[in-house]
Structures are given as structure tokens and as C-alpha cells.
Amino acid sequence: MSARLLEVRDLRTHFFNRGTVAKAVDGVSFHVDAGEMLALVGESGCGKSVTAYSLLRLIADPPGKIVGGEILFEGHDLMKLSDDEMRRLRGDRIAMIFQDPMSSLNPVFTIGAQIAESVLVHRGGTKAAALSRAVELLDLVGIPDSRRRIDEYPHRLSGGMRQRAVIAMALACEPKLLIADEPTTALDVTIQAQVLALISELKQRLGMGVIMITHDLGVVAQHAQRVAVMYAGKIVEQAAVADLFSRPLHPYTKGLLASIPRQGASGGRLNEIPGMVPSLLAMPRGCSFAPRCPKAVDRCTHHVPSLADISPLHPVSCFVAQQEAKL
Amino acid sequence: MPPTLRFLLRRLGQAIPIILGIAIFNFFLLHMAPGDAVDVLAGEAGGATPEYVAQLKAKFGLDQPMHVQLGKFLWNVATLNLGFSFRHNMPVVDLILARLPATLLLMICAIVLAFSAGLVLGVTAARNLNKAPDRIISVMALLAYATPIFWIGLMLILLFSVKLGWLPSSGMETIGGDLSGAARIWDVARHLVLPAVTLALFFMALYTRLMRASMLEVYGLDYVTVARAKGVGERGIAYRHVLRNALLPMITMLGLQVGSLLGGSVLVETVFGWPGLGRLAFESVFQRDYNLLLGILLLSSALVVLVNLLIDLLYARLDPRIEVA
């Protein structure tokens, strides 16, 4: 079997501050294949973004540090690369799109110059050649009148156009893996759909693997092939999209799915998961979801469940779900 | 008309009432001080008869009511005639023009030195946050910031002129040197080093601290992380992405400080015997030479207004979000 595009094993990223340790990512494992979109879902603060930043080794140190795990990209462990080797990989083989297009672009450079910079850093060549590549990329992401737009400064573009420019920047060197960290949260609903469709289409056309970080399960259902649900720094359930939506196993996943407002179900309160995500500094001893879990049994508050396949390719870390599956 | 030209004309139009307002304010401020030029002259002469004093006052126009004096002064300002210094027995314009080059030379050298050194030190400190270079630079900046200018000047004279004998301690040229060409430039440059460094040190400290803080702030912004994710190296991040954005507060500060730089040059020119406007202003306060003092103050205010206009133009060039209109 050939090596996976990306395989993450037992990734642990902790933040150290005045003697306290926040285990933002605590033993996360997953993989992404070429041409596939993996959605990483979970509430704010569950470690989705820290996972993404860790993959590119962009965690500010101090206070953060990747304390363990392997990040195998095309079979090579990124943790073993030198800083300069890692830098050459960033934006070339692995690219990232960020949450807020309003702050992702440097205000003092034209978008053409910022896209061309990616090309120049990794491919070299003349500035003119890089700028004409920038025009191609703007065409690719559907910015009209690209030849004139490359001379625009970011503040003259709308949010949707800026995010397209950011995507163009990420695609400059045709990356194998694209990490999208909530790329649509800051955008209008209509623009959201366009940007997501664009990413899906480019994924198909360029055969990229995509990690889509989101808290929007609608996005997951429409665009992703597989889903990993994160809670408090751990992946609690992983499955193919259809499988997860039809047969969620972890009580947290069930809660998330139940809290999606449904059309036609008028009146009454929306479903919610009671309680709050525990602080990373005060994690419960057992399963981190146990205090909010409607099904928690005595064992859950004392032992940490591990991620185990219940059915093929559908691992869940929940004692109760694992028990029910055995019966 | 191009927008930049229209902007310039409008701002110059606005500058006139500002400068006039400052002139009127200065006029009243000086007349609130006790004594006038005649009192000082009489005092220095060791006494004078009341008739002589009255005669002098009439000659200088000091016997007239305040509003007449103000009217005359404003008329002079409007016609760019700065009046006559009875003390120096010369027109104020000639006096100022004779001293202006020395002060401009000192100020420009000091500001260029302070700005560029502050920039380099601030960037170095920010790039080595909490490491040895940052700590050394920060402590030095704090020291330079906290030490009085005149004391630094005296200590530098003590070290480089008295002890080491490397540099001249005062004046702008070797007296009776009668040099010309390159030899004269070299002579002036040697005289310039100590006063320029002294004047620059305080501002250098200020710019270093500002630049460091400004760089650190920009380092925390999203687009810097985006640039890192693009694979830009740390050098490119610092000098391309962060520096350009961090410069904006520095430029603002530069405009605000032209005024205090003039104030600082009074001290430095006095300590180093530099024949500039600052010392002339300082002396004219004690001699109650109001015509001269008002002339210098008028020129200073015009200079500050003009520099700030240039700063605004520069700002628009550095930050595309700002447009001159």
C-alpha cells in the first residue's frame, strides 16, 4: 500500500504558561488521502485550529509546543525536518487558508504582489512571470477582471473577493494538501456557498487533499467525504460522512446533530448540549465529555475511553457506544 | 488639478491661520514676562536716567499701547518683515538667516541619526524578543531616555574632547582655521559629531522603543502568520511584511517631534557653543529681544507645520488605505 498523503499519529500540542499546561491537542490521529476532503468539526476551543497550525509547525513557541506525535506527509515525518526545510514545504506542498480574509492580507501590498510572492519564494523566476501567474490564479478562483485586480490593494476588495485572493495565494504552487481553517465563518451566507463550492471544485481539478476545519455541519454534509469530530483536544469519532449522519455513535456527535435547526420543525427551543466545554486547565479525570453526557456511567468519570473501531472505519471513543455495539 | 496638488494648496491655506494664531499667542506670552529690552539695556549699562529710558522706549516703540504693538507686529508678519533687533542692531531676518543653516544642519543630522539608528535597534530588539540583544537594547534605550540631554553632552565632551582629545568640544569650525573645500567640510563634520549625537540620543531611545513595540504589534497580526504559511522566511517576514507596517507610527512620531527637537537644540547648542538658532533664541529671552524671539518662534512654527504637511504626504505613500484628499 502506498503512503498516505497525510497521516497524523498521536499529535500532542500543549501550551505552557506560568507553570500550567493546556493540552490543546492531546493525542490526535487521522489521515487524508489525495483528492479527499476530511472535515474536522467541533465547538470553538476544541483544538481544531491548533491541530491545523501544528501540521504546518506554525505554533508560536513559546508558549506552544508540539510535545509528541508524528506528522507523516507523503511518508516523511514533518517533525524531523529542519526549520528551513519546513519553510520550503509551507505554501508549496502544503498550503493553508485562514479564517478571516479581512486580516489575512497585508494592507500595504497589492494582492498581485502578495500572490506573486508565493510563486517567487518557491519557484523563483522573474517578478513579471510571477505576476502573470498571479493573473492566472485570480482567473482560477473566479475574480473577474484579473489583469486589473492584481494592482488593487486589499482594502478595495470585498470580503468574498479577499478570500478568493487568499485561496489564490494558497494555490500558487499547486499544493498537494490544502488546510482550510474555517474559511467561510467571516463571510456572508451567499458568499460562503460560493467559496466552499470553489474549494470543492479546485480539490477535484487539482487532486488535492483538503482538511476543512469547520463548526458548520451543513458544510460537512455537502462537501466532505469523511469527518473527524473533535472534543477537548481529542478526536471522539471518525467516519465517512454518510455513515456519521445516519448513524452517529458518540453522544457528543449525536448532540451536535440534534442541535442543527430543522426546516419545518417550527416552534419550541432548539436542542442544545447542556453545560460547557471544560477548561483545558481543568480537565475531568475520565472522559472529558462525561460531565455533559446524558449517557455517562460510573466508569466514564474514572477512565479515559480510547478510540476503537466499532464498525469498519468508524472509530468512537465512548465506553457506552462500544458496549452497545458488542451486544 | 491633481488631488495631491489640491491637498497641498488646501493644507497651506489652513496653515496660515494656524501660524498667525501661534504668533498672536507668542506675542501675549512674551509681553506677560516682566521687563523689556530697555530695562535689560539700562541694567547692563549700570543705570540710566529716566529720560534716556523713555527716549529708548519711544525709539523701540515700546511706549505704545499693547494693541498698537500687536497690530504692528501682525502687519510685519503679514508682509514677512520680521522687524529689527535693537540688541544686535541688525534686521531680524538677517540674524535668523545667518544662524539657520547651522541649526538645520544639526537638526537634520540628529533626526536622521536618531530615526535610522532607532529603526535598526528597534527591529533588532523585536526580532530577538526576550533574548540578549533585546534586553541590552531595551536597557540602553531606557538609560538614554532617562538621562538629561545636557548631562550626556557634558559627559561626551569630557570623554571625547578632554580625555581622549579625538573631537573638538565646542563651536562649529576651528577658529582662525581659514579652511576651504574638503578640509572645511571635514572640520565642520568633526565639530558636528558630539552635538548631533547628543541631540540624537534621546530621540533615538524614543524611536527604538516605539519601533520595537510597533514591530511586536504587527508580528501578532494575522497576515504575518499567513505570510509564514506561504513559506516566507523570517528575514522576509521582518523586513518586508512587518517593517513597512510598523513604520507608520514612527512617521507620525517624527512629525510630532520636530518641535521638541528644536527645544532640544537650545540645550545642545548652549552646551556645545553651536552657533545656531536655539542659542540665539535662548539669549534673546534673557535680553528681552522680543522682535528677534518672535521671529524665531514664527519660523519654528512654520517649520513644524510644514514638516507635518510633508509627513501626511509620506503617510499616504506608505499606507495605500490613506488617500490625500
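Residues numbered from 1 in each chain as written. Chains lettered and ligands numbered in written order. Predicted model: local features only at pLDDT ≥ 70, side-chain atom pairs only at ≥ 80, totals over all residues. Heavy atoms only, no water.

### As for the overall build of chain B
This is how the line gets drawn: Runs of E in the DSSP output that reach at least two residues are strands. Runs of H or I that reach at least four are helices, and both are numbered from the N terminus. The cut-offs for exposure are 20% and 50% of the maximum accessible area for each residue type, with area from a 1.4 Å probe on protein chains only; residues under the lower value are buried, those over the upper are exposed, and the others partly exposed. Only the protein chains shown count as covering a residue, and every accessible area follows the Shrake-Rupley method with a 1.4 Å probe.
When helices and strands are tallied, chain B shows twelve helices and two strands. Ordered by position from N to C terminus, the α and β elements of chain B give α-α-α-α-β-β-α-α-α-α-α-α-α-α. Along the three orthogonal principal directions, the C-alpha set of chain B runs to about 85 × 60 × 40 Å. Counting the 325 residues in chain B, one finds 42% classified as buried. Here chain B displays about 16700 Å² of accessible surface, and carbon together with sulfur accounts for 69% of that area.

### Observations regarding helix H1 (residues 48-55) of chain A
Residue and element names in this part refer to chain A. Among the eight residues that make up H1, six are buried, leaving the element largely enclosed by the rest of the structure. Along H1, the residues classified as buried are Lys48, Val50, Thr51, Ala52, Ser54 and Leu55. Positive backbone phi, approximately 50°, marks Arg57, located one or two places after H1.

### A few points about the domain arrangement of chain B
Residues and elements named next belong to chain B. This is how the line gets drawn: Boundary definitions for the domains trace back to an automatic or database domain assignment. Here the buried area means the combined drop in accessible surface, using a 1.4 Å probe, for two parts upon being joined, counting both sides. Within this document, salt bridges are pairs made up of a side-chain nitrogen of Lys or Arg and a carboxyl oxygen of Asp or Glu, the two lying within 4 Å of each other.
Partitioning chain B into domains gives domain 1 (3-92) and domain 2 (99-318). Between the C-alpha centres of domain 1 and domain 2 there is a distance of 31 Å. Together, the buried faces of domain 1 and domain 2 total about 2200 Å²; carbon and sulfur atoms form 74% of this surface. Sorting the residues of domain 1 by area buried against domain 2 places Arg11, Ile19 and Leu30 first, and these three jointly supply 24% of that buried surface. At the boundary of domain 1 and domain 2, one finds one salt bridge. Asp312 is the partner of Arg11 in a salt bridge, and the nearest nitrogen-oxygen pair spans 2.5 Å.

### Considerations on the sheet that holds strand S5 (residues 76-77) of chain A
Residues and elements named next belong to chain A. Applicable threshold: Any two strands between which DSSP finds at least two bridges are classified as paired. Any pair of residues with heavy atoms lying within 4.5 Å of one another is described as a contacting pair. Think of each axis as a best-fit line through the C-alpha atoms, taken over the contacting stretch in the case of a helix, with angles from 0 to 180 degrees between the N-to-C directions.
Taken in spatial order, the four strands of this open sheet run S2-S1-S4-S5, and their pairing is antiparallel. At either margin of the open sheet sits one strand with a lone partner, and together these are strand S2 (20-32) and S5. Pairing of strand S1 (residues 6-17) with S2 involves ten bridges; the strand directions are antiparallel. Among the inter-strand pairings, Asn17 is bridged to a residue of S2, identified as Thr20. Set on the sheet, H1 makes contact with S1, S2 and strand S4 (64-73); between it and S1 the angle comes to about 110°.

### Quick notes on the pairing of strand S3 (residues 37-41) of chain A
On any regular strand, side chains alternate: one points to one face of the sheet, the next to the other face. Residue and element names in this part refer to chain A. In terms of burial, S3 is largely enclosed, as five of its five residues are buried. In S3, alternate side chains face the same way, and those of Met37, Ala39 and Val41 on one face and Leu38 and Leu40 on the other are all buried. Direction of pairing for S3 relative to strand S8 (residues 209-214): parallel, over a ladder of five bridges. Counted as the bridge partner of Leu38 is Ile211 from S8. Strand direction decides the pairing type here: S3 and strand S9 (residues 226-231), joined by four bridges, are parallel. Among the inter-strand pairings, Leu40 is bridged to a residue of S9, identified as Ala228.

### Things to note about the packing of helix H7 (residues 149-163) of chain B against helix H10 (residues 234-272) of chain B
All names here are of chain B. Operational definition: When an angle is under 35 degrees it counts as roughly parallel; over 145 it counts as roughly antiparallel; between 65 and 115 it counts as roughly perpendicular; any other value is oblique. Definitions for this section: a left-handed crossing has its near helix turned counterclockwise from the far helix by less than a right angle. A right-handed crossing has that turn clockwise.
Where H7 contacts H10, the two axes come as close as 9 Å, and the packing angle between them is 30°. Viewed along their axes, H7 and H10 adopt a mutual orientation that is roughly parallel. In this structure, the crossing between H7 and H10 has a hand that is right-handed. Where H7 approaches H10, its residues Ile149, Phe150, Gly153, Leu154 and Ile157 are matched on the opposing element by Gly264, Leu267, Val268, Val271 and Phe272.

### A look at the nonpolar core
Quick note on the threshold: Here, nonpolar core means buried Ala, Val, Leu, Ile, Met, Phe, Trp, Tyr and Cys residues that are tied together by side-chain atoms lying within 4.5 Å of each other.
Residues Leu6, Phe30, Ile179 and Ile211 of chain A are the most contacted members of the largest nonpolar core, which totals 102 residues. Looking at this core element by element, the count peaks at seven residues for helix H7 (residues 159-171) of chain A. Beyond its immediate chain neighbours, meaning those up to four positions away, Phe30 of chain A contacts Leu6, Glu7, Val8, Leu38, Thr51, Leu55, Ile211, Ile235 and Gln238 of chain A. Within the second largest apolar cluster, 52 residues are counted, among which are Ala110, Met211, Trp274 and Leu318 of chain B.

### Observations concerning the interface of chain A and chain B
For the record, the criterion: Each polar contact in these results corresponds to two N or O atoms within 3.5 Å; when the atoms are within protein, one needs to be able to donate a hydrogen and the other to accept it, and residues that are neighboring in sequence are counted only if both atoms are side-chain atoms.
With 27 residues of chain A in contact, the opposing surface of chain B contributes 19 residues. Across the chain A to chain B interface the summed buried area is about 2000 Å²; carbon plus sulfur atoms make up 60%. Counting the contacts that link chain A with chain B gives two salt bridges. Across the pair Glu117 of chain A and Arg240 of chain B runs a salt bridge, and its minimum N-O distance is 3.0 Å. Linking chain A with chain B are eleven residue pairs in polar contact (both at pLDDT 80 or more), by the criterion used here. Among the elements of the structure, strand S6 (94-97), helix H3 (101-104) and helix H4 (111-123) of chain A are those that each provide at least two residues to the side of chain A that touches chain B. The biggest single contributor to the side of chain A that touches chain B is H4 of chain A, with six residues.

### Structural notes on the side chain of Glu36 of chain A
All names here are of chain A. Topologically, Glu36 is positioned in the loop between S2 and S3. The buried category is assigned to Glu36, whose relative accessible area is 11%. Side-chain polar atoms of Glu36 contact the backbone nitrogen of Asp33, separated by 2.8 Å. A distance of 2.6 Å separates polar atoms of two side chains, one belonging to Glu36 and the other to Arg226. Beyond its immediate sequence surroundings of up to four residues, Glu36 is in contact with His31, Lys203, Met208, Gly209, Val210, Gln225 and Arg226.

### Observations concerning the packing of helix H1 (residues 3-32) of chain B against helix H4 (residues 66-78) of chain B
Residue and element names in this part refer to chain B. Condition: Just so you know the grouping, Ala, Val, Leu, Ile, Met, Phe, Trp, Tyr, Cys and Pro go in nonpolar, Asp, Glu, Lys and Arg go in charged, and all remaining residues, Gly too, go in polar.
In contact at an axis separation of 11 Å, H1 and H4 are set at 140° when each is read in the N-to-C sense. In terms of orientation, H1 lies oblique with respect to H4. Handedness of the crossing formed by H1 with H4: right-handed. The segment H1 lies against H4, with Leu20, Ala23, Ile24, Phe27, Phe28 and His31 engaging Met66, Gln69, Leu70, Phe73, Leu74 and Val77. The class makeup of the residues in the contact of H1 with H4 is ten nonpolar, two polar and no charged.

### Re the pattern of salt bridges
Residues and elements named next belong to chain A. Applying the stated criterion across every chain, the model contains 30 salt bridges over all chains. Note that Asp243 and Arg247 form a salt bridge whose closest N and O atoms lie 3.9 Å from each other. When its relative accessible area of 22% is taken as the criterion, Asp243 is described as partly exposed. Judged by relative accessible area, Arg247 falls into the partly exposed class, the value being 36%. Shared partners join several salt bridges into a network, and the residues in it are Asp10, Arg12, Asp26 and Lys234.

### Things to note about a nonpolar patch on the surface
Residue and element names in this part refer to chain B. Worth spelling out the cut-off: Two joining distances apply to patches: 9 Å for like charges and 5 Å for nonpolar side chains (Val, Leu, Ile, Met, Phe, Trp, Tyr), and every residue must have over 30% relative accessible area and no salt bridge.
Together, Phe150, Trp151, Leu154, Met155, Leu158, Val162 and Leu267 line one region of the surface with nonpolar side chains, adding up to about 640 Å² of accessible area. Ranked by residue count, the leading element in the nonpolar patch is H7, at six residues. Relative to the helices and strands, Leu158 resides in helix H7.

### A short note on the pairing of strand S7 (residues 177-181) of chain A
Residue and element names in this part refer to chain A. As a reminder of what qualifies: Crossover handedness is defined by viewing with both strands directed away from the observer: a clockwise path from the first strand over the helix to the second marks the crossover as right-handed.
Burial of S7 is extensive: five of the five residues sit out of reach of the surface. Burial of the side chains of S7 extends over both faces: Leu177, Ile179 and Asp181 are buried on one face and Leu178 and Ala180 on the other. Two elements, S6 and S7, share four bridges in a ladder whose sense is parallel. In the strand pairing of S7, Ile94 is matched with Leu177. With five bridges joining them, S7 and S8 adopt parallel strand pairing. Within S8, the position partnered with Leu177 by the bridge is Gly209. This β-α-β element, S7 to helix H8 (residues 189-206) to S8, shows right-handed connectivity.

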